[in-house]
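# Commentary on secondary and tertiary structure
Given next are the chains, with one letter for each unit.
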Amino acid sequence: MEHRLVGPGPYRATKLWNETVELFRTRMPLRKHRCRFKSYDRCFTAAEAVDWLHELLRCSQNFGPEVTRKQTVQLLKKFLKNHVIEDIKGKWGQEDFEDNRHLYSLQKVLGLDSLEEVLDIKLVNSKFIIHNVYSVSKQGVVILDDKSKELPHWVLSAMKCLANWPNCSDLKQPMYLGFEKDVFKTIADYYGHLKEPLLTFHLFDAFVSVLGLLQKEKMAIEAFQICCLLLPPENRRKLQLLMRMMARICLNKEMPSLCDGFGTRTLMVQTFSHCILCSKDEVDLDELLAVRLVTFLMDNYQEILKVPLALQTSIEERVAHLRRVQIKYPGADMDITLSAPSFCRQISPEEFEYQRAYGSQEPLAALLEEVITDAKLSSKEKKKKLKQFQKSYPEVYQERFPTPESEALLFPEKPKPKPQLLMWALKNPFQPFQRTRSFRM
């Protein structure tokens, strides 16, 4: 186990981290283990990892024999937190690493059947992806519909100034000695006070996982391309403009030194890494991870921040298919999220009986209410239809009219008029019966 000597200088801690992680990934012995009657290939126990890494650190010129087993456990905890290793069941970051027989494996990086293990799929906004793919300028920079989310004019002017130095056509004020340093400080202050990093908090795990692919540059670029398309359009635009400015400043031989004691490239990375990537709950290694990511972004930003042609073709085919099969109704709200196709699923006999008994009752109940509330029907016609309905669908009718009283409320009886005295009786008062003579034939 060889550990190259890392001398003093800028980002020594980052170099040590990269060196140790690389050695662990490539040299840590992996073998088959059994746990709860199940076999797992290419894994190791926590105690085996501690044994191996402890020996590596003690033999290293960068660390020495003073390294304790407890310190080794602490480093492996950071490995787990930063996705170098994972629980054998694919979990990481939730449980704590302990020196025991628990099984771990090397973290599976994006490559990349699914993003579900490194980000919350519910937070992926399909509208962001569509916007980032199609609403772009000729230079590939995102164009925002909501101009209130645009960079302030003064920040944009300052960035153009340094990106095109010394040809600053946008600036009207005269330049003075140290002018470029003040302009750079203005930009750094703006980005340094953002409420959330440009790569967002909820995508932190996804971007950190890509760091494991840096040894395979082409795959890492493709993974970063996909992750950057998940960003809100305003974040992607700010990142594109920032990376373009940083790269141009680093390549500009006419640019004066912006900070004494630091090279231009080191200054760019150190100044903007935290506003590009950091976790919500900051840990010690966040800065190291951010430095690695921003360095790779600077070297490959033109490839990473352009839309992958294969993905764009796939999206266009999918949209074309949806347009062919979609039926548009007048007045319908078309601003909807397109759902994935659904398929049949097997259900239990009990669920089938329930659906058979109750699945059709809602439309029948609606039909019954329609008959009840139809003002055009006479009482006689309405009673006739209700009787027919009761005979055909007694369960639905019984649910609507559970008692005779509830049914009677629908047809309240009209009050009977009081009997009136005959007018002729009042005009002709009662007279006693008078016997008359009978005529006999």
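Not measured: the values here are computed from a predicted model.

Another aspect to go through is the overall build of the protein chain. On a plain count of helices and strands, the protein chain comes out with 18 helices and four strands. Within the protein chain, the fraction of its 441 residues that count as buried is 38%. Here the analysis covers contacts within the protein chain between residues at least 6 apart in sequence; of these, 63% occur between residues at least 24 apart. Within the structure as shown, the protein chain displays about 29,800 Å² of accessible surface, and the carbon and sulfur contribution to it stands at 54%.

Consecutive side chains along a regular strand alternate between the two faces of the sheet. Sheet topology note: the strand E1 (residues 31-35)/strand E2 (residues 38-45) ladder contains four bridges and is antiparallel. Paired with Arg34 across the strands is Ser39, a residue of E2. Connecting E1 to the next strand, E2, in antiparallel fashion are two residues, including Arg36 with a positive phi near 55°.

A separate point is the pattern of salt bridges. The final tally for this structure, using the stated rule, is 12 salt bridges. Its salt-bridge partner being Arg265, residue Asp299 comes within 2.9 Å of it at the nearest N-O pair. Taken as a pair, Asp299 in helix H11 (residues 286-304) and Arg265 in helix H10 (residues 264-276) lie far apart in primary sequence, 34 residues in all. Judged by relative accessible area, which is 47%, Asp299 ranks as partly exposed. By relative accessible area, Arg265 is classed as partly exposed at 36%. Across the salt bridge formed by Glu369 and Arg400, the nearest N and O atoms sit 2.3 Å from each other. Placement of the pair is Glu369 in helix H14 (residues 361-373) and Arg400 in helix H16 (residues 394-400), with a sequence separation of 31 residues. For Glu369, a relative accessible area of 31% corresponds to the partly exposed category.

Counting 94 residues, the largest nonpolar core has Phe24, Phe272 and Ile276 as its most contacted members. With 11 residues, H11 is the largest single contributor of residues to this core. Once residues within four sequence positions are removed from consideration, Phe24 is found in contact with Phe44, Ala49, Trp52, Leu53, Leu76, Phe79, Val84, Ile85 and Leu106. Among the nonpolar cores identified, the runner-up in size contains 10 residues, and Leu368, Ile372, Phe389 and Phe401 belong to it.

Next up on the list: the confidence of the model for the protein chain. Fine structural detail should not be taken from predicted coordinates in areas where pLDDT scores are low. For the protein chain, mean pLDDT is 78; residues scoring 70 or higher make up 73% of the total. Model confidence for the protein chain, summarised as mean pLDDT per element, is weakest for helix H18 (residues 423-427) at 50 and strongest for helix H9 (residues 233-251) at 93. Within the model, the stretch residues 332-343 combines pLDDT values under 50 with seven contacts to residues more than four positions away or in other chains.

Let us look at the environment of Asp281. Residue placement: Asp281 occurs in the loop between H10 and H11. Spatially, the C-alpha atoms of Asp281 and Phe201 are 9.3 Å apart, while their sequence positions differ by 80 residues.

With that out of the way, let us pick up helix H3 (residues 69-81). An ideal rise of 1.5 Å per residue puts 18 Å on 13 residues; H3 measures up with 19 Å between its terminal C-alpha atoms. All of the buried residues in H3 are Thr72, Val73, Leu75, Leu76, Phe79 and Leu80. All buried residues of H3 fall inside an arc of 160° around its axis, so they share one side.

To continue, consider helix H6 (residues 179-192). For H6, which comprises 14 residues, the first-to-last C-alpha distance of 20 Å matches the rise-based estimate of 20 Å (1.5 Å per residue) to within 8%. Those residues of H6 that fall on the buried side of the exposure criterion are Phe179, Glu180, Val183, Phe184, Ile187, Ala188, Tyr190 and Tyr191. Lining the buried residues of H6 we find helix H5 (153-163), H9 and H10.

Before going further, it helps to spend a moment on the packing of aromatic side chains. Each aromatic ring pair is characterised by the separation of its centres together with the angle its planes make. Under the criterion given, the structure shown has 12 aromatic pairs. When the ring of Phe24 is compared with that of Phe79, the centres are 5.3 Å apart and the planes differ by 75°; the resulting orientation is edge-to-face. Pair noted here: Phe24 is in helix H1 (residues 12-27) and Phe79 is in helix H3, with a separation of 55 residues, a long-range link. Exposure remark for Phe79: the relative accessible area of 0% places this residue in the buried category. Pairing Tyr190 with Tyr191 gives two aromatic rings, centres 5.4 Å apart and planes at 90°, and the pair type is edge-to-face. On the accessibility criterion, Tyr191 (1% relative accessible area) is buried. Through a chain of ring-to-ring contacts, three or more aromatic side chains come together here, namely Trp154, Phe184, Tyr190, Tyr191 and Phe272. Taking the ring centre of Phe401 as reference, the NZ or CZ of Arg400 above it sits at 4.8 Å.

Basis of the calculations
Residues numbered from 1 in each chain as written. Predicted model: local features only at pLDDT ≥ 70, side-chain atom pairs only at ≥ 80, totals over all residues. Heavy atoms only, no water. Helix = DSSP H or I, 4+ residues; strand = E, 2+ residues; numbered from the N terminus. Buried < 20%, exposed > 50% of the residue type's maximum accessible area, 1.4 Å probe, protein only. Contact = heavy atoms within 4.5 Å. Areas by Shrake-Rupley, 256 points an atom, 1.4 Å probe, with all protein chains shown as cover. Pairing = 2+ DSSP bridges. Salt bridge = Lys/Arg side-chain N within 4 Å of Asp/Glu carboxyl O. Core = buried A, V, L, I, M, F, W, Y, C linked by side-chain atoms within 4.5 Å. pLDDT = per-residue confidence, 0-100. Expected span 1.5 Å × (residues − 1). Arc of directions from axis to C-beta. Phe/Tyr/Trp six-rings, centres within 6.5 Å; stacked < 30°, edge-to-face > 60°. Lys NZ or Arg CZ within 6 Å of the ring centre and 35° of its normal.

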